[in-house]
Amino acid sequence: MDLFDYMREQQKEKESPLASRLRPATLEEMVGQQHIIGKNKLLYRAIRADKLGSIILYGPPGTGKTTLARVIANTTSAEFVQINATSAGKKDMEEVVAKAKDSQGMYGKKTILFIDEIHRFNKGQQDYLLPFVEDGTLILIGATTENPYFEVNGALLSRSVIFELKQLSKEDIRTLILRAVGDQEKGMGAYHAVIDEDALDFLADMANGDARTALTAIELGILTTERSPDGKIYITLDVAEECIQKRVVKYDKSGDSHYDTISAFIKSMRGSDPDAAVYYLARMLYAGEDIRFIARRIMICAAEDVGNADPMALVVATSASQAVERIGMPEAQLILSQAVLYVACAPKSNAACLAVGDASAAVRSTMTDPVPMHLKDAHYKSAGKLGHGDGYQYAHDFPKHYVKQQYLPDGLLGRQFYHPTENGYEKKIQEHLRWLHSDSE
């Protein structure tokens, strides 16, 4: 690095965002994640002893994945190389591997390769790294916001230890904000800012566990607020509210938060908790989820979990699906809310779901017997000569509009697939079937 490069790096460090400047350099400076970096924890011991193996750091944005990697870089005696999967190509990796081999061969020095957003690497790129991780040429640190079990090759996973970073607590965020306001060297201490308790609580709450969001907000507040006559900058609740216009919602439409939220949404409707169901609906709408996707899940829940205990549930859900496509947001939230609350409050039965499941299993596992002769279609020409329809009894010609006759194929005689429950309208269905069969048994 020449003098100009050095000056550029120094200037870049001074002008970088607060969240970047305030990154801790040691384990002791880190806030949160004590379940993996607390004293005597595995990762803490490995970093302290400089005996780190390949690891995958997995967690939401702003929880300290890159920060932890930087701490490792500051404490290890190994060469530390960082690349970002969004911009790195095979040539970059080849250069890293070549230098790692030189360091290992000439100086006996290991190389740690930190790959930010490793889930962005395709299968081929991940496969390229495998032999070098396996033979110890590289120690891999991968950081990802996506579930590594879905996004990272199984072979790489089997050679790495996965550490899940948790969303930071409100107290963790408070600690970081206070550090940012008071730190004279890396923070905003030179501005002599004072933050109200209400503003501190508000920012810590609204950041929703994302340290970067909180630090960006406090930096913006300090830089844009005029000094008071006493020379200090006061961050009040009003200033804090201006700095965060909208709460950060952890919701990636293709990631874990999406599937976790929709899972909680469906389970809340199934579990007859209208308050939880409408809360998760609001959460998805706030994050910009596709209203058509939400409507489809409501229809499925109405059929799978309510079924014939309240047949109107599917009618309401289907009507809601059609209505939201015609109306759109923001009014569509009213329609979805009505449908969600109806399905959540409806009596529940999965008997219809179990019936088709059992019937499907019977189709797969048994020989496909022919349709009974008397049920076959007798309307086409020559059907009568084949005996199709012979002996069929027309139900409406009998009392109760019902007559006992064989409907199932011979091989399935006596099988019952549908077992109505005692819930809601299904109790009436159960009583009606008993009434029908009472005179014929």
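Residues numbered from 1 in each chain as written. Predicted model: local features only at pLDDT ≥ 70, side-chain atom pairs only at ≥ 80, totals over all residues. Heavy atoms only, no water.

Peer 1: What exactly am I supposed to notice about the overall build of the protein here?
Peer 2: Across its full length, the protein holds 20 helices and seven strands. Over its C-alpha trace the protein gives a radius of gyration of 32 Å, far above what one expects of a compact globule, namely 22 Å for 441 residues. Along the first, second and third principal axes, the C-alpha atoms of the protein reach 100 × 65 × 40 Å. For the protein, the residues scored as buried account for 42% of the 441 residues in total. A fraction of 73% describes how many contacts in the protein between residues 6 or more apart in sequence connect residues 24 or more apart. (Helix = DSSP H or I, 4+ residues; strand = E, 2+ residues; numbered from the N terminus. Rg over C-alpha atoms; globule rule 2.2 N^0.38 Å. Buried < 20%, exposed > 50% of the residue type's maximum accessible area, 1.4 Å probe, protein only. Contact = heavy atoms within 4.5 Å.)

Peer 1: I'm lost on the pairing of strand 1 (residues 55-58) in this one. Help?
Peer 2: Side-chain direction in a regular strand flips from residue to residue, so the side chains alternate between the two faces of the sheet. Residues I55 and L57 point to one face of strand 1 and I56 and Y58 to the other, with burial holding for every one of them. Bridge analysis of strand 1 against strand 5 (residues 161-164) gives four bridges, and the strand direction is parallel. When the bridges of strand 5 are listed, L57 appears paired with F163. (Pairing = 2+ DSSP bridges.)

Peer 1: Could you clarify how one ought to interpret a nonpolar patch on the surface in this entry?
Peer 2: On the surface, a nonpolar cluster with roughly 250 Å² of combined accessible area is contributed by M312, V315 and Y342. When you line up the elements, M312 lands in helix 17 (residues 312-327). (Patch = residues over 30% accessible without salt bridge, like charges linked within 9 Å, V, L, I, M, F, W, Y side chains within 5 Å. Areas by Shrake-Rupley, 256 points an atom, 1.4 Å probe, with all protein chains shown as cover. Salt bridge = Lys/Arg side-chain N within 4 Å of Asp/Glu carboxyl O.)

Peer 1: Could you clarify how one ought to interpret the sheet that holds strand 2 (residues 79-84) in this entry?
Peer 2: Sheets are built from strands paired through backbone hydrogen bonds, the pairs being either parallel or antiparallel. Read across the open sheet, the five strands follow the order 2-3-4-1-5; overall the sheet is parallel. Lying at the two open borders of the sheet, with one neighbouring strand each, are strand 2 and strand 5. Neighbour-to-neighbour, the strand axes of the sheet open up by a mean angle of 15 degrees, direction not taken into account. Judged from the six bridges that link them, strand 2 and strand 3 (residues 111-116) form a sheet pairing that is parallel. (Axes fitted to C-alpha atoms, helices over the stretch in contact; angles between N-to-C directions.)

Peer 1: Even after reading the chapter, I still don't get the side chain of Q126, so can you show me in this structure?
Peer 2: Looking at the element boundaries, Q126 is found in helix 7 (residues 123-134). What makes Q126 buried here is its relative accessible area of 1%. Separated by 3.2 Å, the side chain of Q126 and the backbone oxygen of E151 make a polar contact. When neighbours within four sequence positions are excluded, Q126 is seen to be in contact with I118, F121, E151, V152, N153 and L156. (Polar contact = N/O pair within 3.5 Å; in protein donor to acceptor, adjacent residues only side chain to side chain.)

Peer 1: Would you explain empty space enclosed by the protein in this entry?
Peer 2: Rolling a probe over the atoms, with the probe sized like a water molecule, indicates the empty space that remains. Summed over the entire model, instances satisfying the criterion amount to one cavity of 30 Å³ or more. Size it by volume and the largest cavity reaches roughly 30 Å³. Looking at the largest cavity, the residues that line it are I47, D50, L52, I72, T75, T76 and I112. Residue classes in the lining of the largest cavity are distributed as four nonpolar, two polar and one charged. (1 Å grid on protein atoms, 1.4 Å probe; cavity = no way out; pocket = protein on both sides within 12 Å on 5 of 7 lines; lining within 4 Å. Points joined across faces, edges and corners; volume = space filled by probe spheres on them. Nonpolar A, V, L, I, M, F, W, Y, C, P; charged D, E, K, R; others polar.)

Peer 1: It is not clear to me how the environment of A287 should be interpreted in this structure. Could you clarify?
Peer 2: As for its placement among the helices and strands, A287 is situated in the loop between helix 15 (274-286) and helix 16 (291-306). Taking the relative accessible area as the measure of exposure, A287 reaches 25% and is therefore partly exposed. Measuring from C-alpha to C-alpha, the distance between A287 and H258 comes to 9.7 Å, with 29 residues separating the pair along the chain.

Peer 1: Please explain the pattern of salt bridges as it appears in this structure.
Peer 2: Two side chains bearing opposite charge may form a pair once their charged atoms approach each other closely. Taken as a whole and judged by the stated rule, the model has 13 salt bridges. A salt bridge links R174 to D201; the nearest nitrogen and oxygen atoms lie 2.6 Å apart. Within this pair, whereas R174 is found in helix 10 (residues 170-182), its partner D201 is found in helix 11 (residues 197-206), the two being separated by 27 residues in sequence. Exposure remark for R174: the relative accessible area of 13% places this residue in the buried category. It is possible to trace a salt-bridge network through shared partners that takes in E171, R174, E197 and D201.

Peer 1: Help me understand the environment of L157, please; the structure alone is not making it clear to me.
Peer 2: Counting through the fold element by element, L157 comes out in helix 9 (residues 154-158). Note: C-alpha distance between L157 and T137 (20 residues apart in sequence) is 17 Å. If we skip the residues at most four places from it in the chain, L157 touches I56, P148, Y149, V152 and I162.

Peer 1: When you look at unusual backbone geometry in this model, what are you seeing that I'm missing?
Peer 2: Only a minority of non-glycine residues have a phi that is not negative, and only a minority of peptide bonds are not trans. Backbone torsion omega between M329 and P330 reads 10 degrees, so that peptide bond is classified as cis. You will see that Q33, though not glycine, has its phi angle at about 60 degrees, which is positive. Its place among the elements puts Q33 in the loop between helix 2 (18-21) and helix 3 (34-37). For K400, which is not a glycine, the phi torsion comes out positive at approximately 65 degrees. Relative to the helices and strands, K400 is located in the loop between helix 19 (351-365) and helix 20 (424-438).

Peer 1: Even after reading the chapter, I still don't get the packing of helix 10 against helix 11, so can you show me in this structure?
Peer 2: Between two packed helices, what matters for the description is the angle formed by their axes and the separation of those axes. Two numbers describe how helix 10 lies on helix 11: the axes approach to 8 Å, and their chain directions differ by 125 degrees. In terms of orientation, helix 10 lies oblique with respect to helix 11. The two elements helix 10 and helix 11 meet at a crossing, and its hand is right-handed. Residues K170, I173, R174, I177 and L178 of helix 10 touch helix 11, and the partners they reach there are E197, L200, D201, L203, A204 and D205. Of the residues contributing to the contact of helix 10 with helix 11, the split by class is six nonpolar, no polar and five charged. (Parallel < 35°, antiparallel > 145°, perpendicular 65-115°, else oblique. Left-handed = near helix turned anticlockwise from the far one by under 90°.)

Peer 1: Where do I start with the confidence of the model for the protein in this structure?
Peer 2: Detailed reading of predicted coordinates is not advised where the pLDDT is low. On average, the protein scores 84 in pLDDT, and the residues at 70 or more come to 90%. Least confident of the elements in the protein is helix 1 (residues 3-15), whose mean pLDDT is 51; most confident is helix 18 (residues 332-345), at 95. (pLDDT = per-residue confidence, 0-100.)

Peer 1: I keep staring at the packing of aromatic side chains and nothing clicks. Help me out?
Peer 2: Aromatic ring pairs are defined here through the distance separating the ring centres and the angle between the ring planes. Following the criterion strictly, the structure yields three aromatic pairs and no others. On the basis of an interplanar angle of 65 degrees and a centroid distance of 5.1 Å, the ring pair of Y279 and Y280 is categorised as edge-to-face. According to the relative accessible area criterion, Y279 is partly exposed, its value standing at 44%. (Phe/Tyr/Trp six-rings, centres within 6.5 Å; stacked < 30°, edge-to-face > 60°.)

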